[in-house]
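A structural walkthrough
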Amino acid sequence: MALEIERKFLVVGDAWRAAAHASQRFAQGYLNDSGRASVRVRIEGEQANLNLKAAQVGTSRAEYEYPIPLAEAREILDNLTLTPPVEKTRYWVKHAGHVWEIDEFVGANAPLIVAEIELDSADEAFERPDWLGAEITDDVRYYNHALAFLPYSQWSNDA
């Protein structure tokens, strides 16, 4: 089974921006709103994938991803997803031997910025950068699937 092990955090300030070594625009939409797994289509630049991810909150969960034609992904996002796509720019930042993925959301999920670190095990140690805020790994509201159906701007005092 494909297993994703990651932790999620809010980002504080803009100090991370100077360390970002790459970025990519993302648009993703969901084909279901409940069940044992989320089913999404994601466009990352000129690449597209179909993704199935276990519908559980926490550090570890099953995840499967398959490439699909870009034109078909655009059609799916335009015609079949249940909500407008979640849009964001992902930045990659190296820090103390790990690569952090920082997602800066736009649209209804702005000004949310979330950092994720993928780990080899749930108890793997890592150094926290100064720009890392509160951990949100166990807060379902911050998962992309949840943000598609109840955007950050509708529940956050920060928006």
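Residues numbered from 1 in each chain as written. Predicted model: local features only at pLDDT ≥ 70, side-chain atom pairs only at ≥ 80, totals over all residues. Heavy atoms only, no water.

1. Re the overall build of the protein
Rules: In this description a helix means any DSSP run of H or I spanning at least four residues, a strand means any run of E spanning at least two, and both kinds are numbered starting from the N terminus. With a 1.4 Å probe rolled over the protein chains alone, any residue whose accessible area is under 20% of its type maximum counts as buried; one over 50% counts as exposed, and the rest are partly exposed. Contacts are assigned to residue pairs with any non-hydrogen atoms lying within 4.5 Å of each other. Exposure was quantified through the Shrake-Rupley algorithm and a 1.4 Å probe, taking into account, for residues, occlusion by the shown protein chains and nothing else. We count Lys and Arg on the positive side and Asp and Glu on the negative side, and we leave His and both chain ends out. The location of each charge is read from NZ of Lys, CZ of Arg, CG of Asp or CD of Glu.
Counting secondary structure elements, the protein contains 2 helices and 9 strands. For the protein, the C-alpha atoms occupy an extent of roughly 40 × 35 × 30 Å along the three principal directions. Out of the 159 residues in the protein, the part that is buried amounts to 43%. Expressed as a percentage of contacts within the protein between residues at least 6 apart in sequence, the contacts between residues at least 24 apart total 60%. A total accessible area of about 8300 Å² is found for the protein, and carbon and sulfur atoms account for 49% of it. The positive charge centre, built from 15 side chains, and the negative charge centre, built from 26, are 1 Å apart in the protein.

2. Observations regarding the environment of Ser 156
Positionally, Ser 156 belongs in the segment after helix H2 (144-149). Assessed through its relative accessible area of 13%, Ser 156 is described here as buried.

3. Digging into the environment of Phe 126
As for its position among the elements, Phe 126 is in the loop between strand E8 (113-118) and strand E9 (132-135). Phe 126 sits 30 residues away from Ala 96 along the chain, and the two C-alpha atoms are 7.7 Å apart. In this structure Phe 126 touches Arg 7, Phe 9, His 98, Trp 100, Ile 117 and Leu 119, once residues within four positions along its chain are discounted.

Geometry only, nothing functional implied.
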